[in-house]
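Coordinates in review
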Amino acid sequence: MNFHIMTLFPDMVKQGLSESIIGRAADKGLLSIDAVNIRDFTLDKHKKVDDYPYGGGAGMLMQAQPVYDAWKSIADKLSQKPRTIYLTPQGQTFTQQMAKDFAKEEDLVLLCGHYEGIDERVLEEIVTDYVSIGDYVLTGGELPAMVMVDAVSRMVPGVLSNDESGATESFEGNLLEYPQYSRPEVWMDKAVPKVLLSGNQKEITAWRKARAVERTKERRYDLYQKYEALQQCREILWKKKLLHMDMIEVIDRGTAELVYADGENICIHDKVSDTYFHTADSMEEGRKMISCVKEQTGGRIGQLVLHQDFMVEPAKEEFDLYLSVACYQAVYTRREKLPVSKLYAGEEPLSIRPLTLAYMDQVLEHYKLVSDPDYIRQVIVSGSLFGAFLEEKLVGFVGWHKEGSMGMLEVFPEYQRRKLGKTLETYIVNLTLERGHTPYGQVVVGNERSMRLQEGMGMCFAKGLVYWMHSKNK
């Protein structure tokens, strides 16, 4: 990922981001941080970049010309107009979800203001996002830019040494992080909780979850209320867990945002995939919910997943969506891993590992269900797509979609009938279990070959179908 920071104080930015985790990630080539000095682009011989504001008032204002030319020097090197963030107290408050969203970009431009601000005309021309790190005023945008780079960088695959450390921390699932302890075992007569010394990972996980809930309720009751509301929805959804496993997993993964809840009529928004999930107990209540969701979103929904066929037509009417695919929902309900013996038994050694962008063209060539290159790129960059290799040659792949379902299973034609499909699905089921999630996937109606594979894997199918609706504008 490439950060381009437009600033009057490039040394301040470079020094602040050259140490610790961010500095090491840059040294490894996982990040690049380019500090662009706005003064280098002024036409004034004295390197002046500010002037008095029209209409009077205190202070000086940064001029449009040097800011625009500095930005253009960055944009001209890129294939498309970059996402450009202006750090300002007037912006939307920066959140962990925004950090995840920004991390999906290949290039991110951060504009640091000074004095009384920047000429509005250049902001209108280049800025895509206005962001604030809090309701207070600083002397410039450099510190907010550094805060943002740090938070976004942690979401970039490979930056953190522990793959899970970016996911199991404060604000995930509306919970603060649980208390943690290190050596010595007793310090100032305070002992480490015994459960953490037990070695029982299940009990440790339960303890940590309980402490996170307790701490959130005590310190951030606003977050706790959101968490509790989602847990109540989860209990309702669990009554038909096979049909609603997609919604349950979004809640369990901590990426859900509650949009509507009234009895068994529930709508949640997955903040990662930007997908809305909707379930209703009747046409009347479902329409009522659709109307409320439309009011909240302004009718702008790119993806909607329905769990009742009677809601397909109302969704088309209200959101200008089309039905792209109907699927059977398959869930692996056991907690033990699938056996890996007697799977692929060819002569060539088989290895399975995360794919890199070097294999993106091959994925696009063989995977026909999703043809959006940007979607495939995001799945690969997030470390969610795994390739099967025979003698270092890619022969198939499997992974997780952005909302958490298993899928994208493809075996190249010349390597089929070697149990590679079952091998890859066994791999992703077991990896999903290792990460503490419930393995589930969706099979397009009519795909009999995939249905037979899922049945052979011991997957359980929901009685109803799930319906994927997409915007006609996408």
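Conventions we followed
Residues numbered from 1 in each chain as written. Predicted model: local features only at pLDDT ≥ 70, side-chain atom pairs only at ≥ 80, totals over all residues. Heavy atoms only, no water. Pairing = 2+ DSSP bridges. Helix = DSSP H or I, 4+ residues; strand = E, 2+ residues; numbered from the N terminus. Axes fitted to C-alpha atoms, helices over the stretch in contact; angles between N-to-C directions. Buried < 20%, exposed > 50% of the residue type's maximum accessible area, 1.4 Å probe, protein only. Parallel < 35°, antiparallel > 145°, perpendicular 65-115°, else oblique. Left-handed = near helix turned anticlockwise from the far one by under 90°. Contact = heavy atoms within 4.5 Å. Nonpolar A, V, L, I, M, F, W, Y, C, P; charged D, E, K, R; others polar. pLDDT = per-residue confidence, 0-100. Salt bridge = Lys/Arg side-chain N within 4 Å of Asp/Glu carboxyl O. Arc of directions from axis to C-beta.

The strand order across the open sheet built from five strands is E2-E1-E6-E5-E7, with neighbouring strands paired in parallel fashion. What marks the edges here is a single partner per strand, and that holds for strand E2 (32–37) and strand E7 (129–132). Between one strand axis and the next, the sheet turns by 30 degrees as a mean value, whatever way the strands run. Sheet topology places strand E1 (residues 2–7) next to strand E6 (residues 107–112); five bridges connect them, and they run parallel.

For the rest of this paragraph, the subject is the pairing of E1. Among the six residues in E1, five count as buried, and that is most of the element. Here E1 pairs with E2 via six bridges, running parallel. The partner of Phe-3 across the bridge, within E2, is Ile-33.

At a minimum axis separation of 10 Å, helix H10 (residues 283–297) and helix H11 (residues 312–319) run at an interaxial angle of 25 degrees. Regarding the angle of H10 to H11, the classification is roughly parallel. The hand of the H10/H11 crossing is right-handed. Packed against H10, whose contacting residues are Met-283, Arg-287, Ile-290, Val-293, Lys-294 and Thr-297, the element H11 presents Pro-314, Glu-317, Glu-318 and Phe-319 at the interface. Across the contact of H10 with H11, the residue classes tally to five nonpolar, one polar and four charged.

Time to look at the confidence of the model for the chain. With 97% of its residues at a pLDDT of at least 70, the chain reaches an overall mean of 93. For the stretch residues 163–168, pLDDT sits under 50, and the model shows eight contacts to residues farther than four places along the chain or on other chains.

Another aspect to go through is the pattern of salt bridges. Counting across every chain of the model gives 19 salt bridges. Across the salt bridge formed by Asp-119 and Arg-121, the nearest N and O atoms sit 2.7 Å from each other. Taking relative accessible area as the criterion, Arg-121 reaches 58% and is therefore assigned exposed.

A few words on the environment of Asp-361. As for its placement among the helices and strands, Asp-361 is situated in helix H12 (residues 360–366). Judged by relative accessible area, Asp-361 falls into the exposed class, the value being 64%. When the C-alpha atoms of Asp-361 and Ala-58 are compared, they prove to be 55 Å apart, with 303 residues separating the residues in sequence.

Attention now moves to helix H15 (residues 448–456). Along H15, the positions that sit buried rather than exposed are Ser-450, Met-451 and Gln-454. Seen end-on, H15 carries its buried residues on one side only, within an arc spanning 105 degrees. Opposite the buried face of H15, by more than 90 degrees, sit the exposed residues Arg-452 and Gly-456. In the stretch just after H15, Gly-458 is the one whose phi turns positive, near 85 degrees.

The omega torsion of the bond from Arg-183 to Pro-184 falls at 5 degrees, within 30 degrees of zero and hence cis. Note that Pro-184 resides in the loop between helix H6 (142–153) and strand E8 (186–187). You will see that Asp-189, though not glycine, has its phi angle at about 65 degrees, which is positive. Mapped onto the elements of the fold, Asp-189 is located in the loop between E8 and strand E9 (190–191). By relative accessible area, which is 78% here, Asp-189 ends up exposed. If you check the backbone angles, Glu-391 has positive phi at about 50 degrees while not being a glycine.

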